[in-house]
Amino acid sequence: ATIVKATLPFDRGVRIVRYLNGAYILGYVGLSGVYTYQQFLLPLDESYKIFTEHEIEQILQIKQSGFQSDPVREVITWCITDIQDALGQGYIDSHTAQDLRGQV
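1. Re the environment of Arg 18
Residue position: Arg 18 is located in helix α2 (residues 10–28). The class for Arg 18 is buried, based on a relative accessible area of 18%. For the pair Arg 18 and Tyr 48, spaced 30 residues apart in sequence, the C-alpha to C-alpha distance is 9.4 Å. When near neighbours in sequence (up to four residues on either side) are disregarded, Arg 18 contacts Lys 49, Ile 50, Phe 51, Thr 52 and Glu 55.

Listed below in structure tokens is the structure:
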């Protein structure tokens, strides 16, 4: 989070941190009956605004059409895509991009 906040425009950095937090939460969903989308993800998202409404819709759609781990992979892909875009736009150099991808 520190590198992201220090090197990227504020909105992009916040988005990547949101995605990382969201991927972490999604990793718990489905591990037991306690950690469900309705009882775990959605209340946390309501409280902390981790995902936008559109992102939640995408996650739920992916969940319904695939494996339990697919939403986590999708959100991680969003992180990597944002890092690649930041590299392409010159916000970060290739070394920093590689470090960030490794941390994701």
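So much for the structure itself; the text now carries on.
2. Remarks on the side chain of Asp 45
Mapping Asp 45 onto the fold places it in helix α3 (residues 37–48). For the buried Asp 45, no salt bridge is present, and the opposite-charge side chain at shortest range is Lys 49, 6.3 Å distant. Once residues within four sequence positions are removed from consideration, Asp 45 is found in contact with Ile 50, Phe 51 and Ile 56.

3. Quick notes on the packing of helix α5 (residues 70–88) against helix α6 (residues 94–103)
Relative orientation of the contacting elements α5 and α6 amounts to 175°, with a least axis distance of 10 Å. Looking at the two axes, α5 sits roughly antiparallel to α6. Counted together, Ile 80, Ile 83, Gln 84 and Leu 87 of α5 and Ser 94, Ala 97, Leu 100 and Arg 101 of α6 form the full contact between these two elements.

4. So, the environment of Gln 64
Topologically, Gln 64 is positioned in helix α4 (residues 53–65). Among the residues examined, Gln 64 registers a relative accessible area of 67% and is labelled exposed. Residues Gln 64 and Leu 20, spaced 44 residues apart in sequence, show a C-alpha to C-alpha distance of 22 Å.

Rules used in this analysis
- Residues numbered from 1 in each chain as written.
- Predicted model: local features only at pLDDT ≥ 70, side-chain atom pairs only at ≥ 80, totals over all residues.
- Heavy atoms only, no water.
- Helix = DSSP H or I, 4+ residues; strand = E, 2+ residues; numbered from the N terminus.
- Buried < 20%, exposed > 50% of the residue type's maximum accessible area, 1.4 Å probe, protein only.
- Contact = heavy atoms within 4.5 Å.
- Lys, Arg positive; Asp, Glu negative; His and termini not counted.
- Salt bridge = Lys/Arg side-chain N within 4 Å of Asp/Glu carboxyl O.
- Axes fitted to C-alpha atoms, helices over the stretch in contact; angles between N-to-C directions.
- Parallel < 35°, antiparallel > 145°, perpendicular 65-115°, else oblique.

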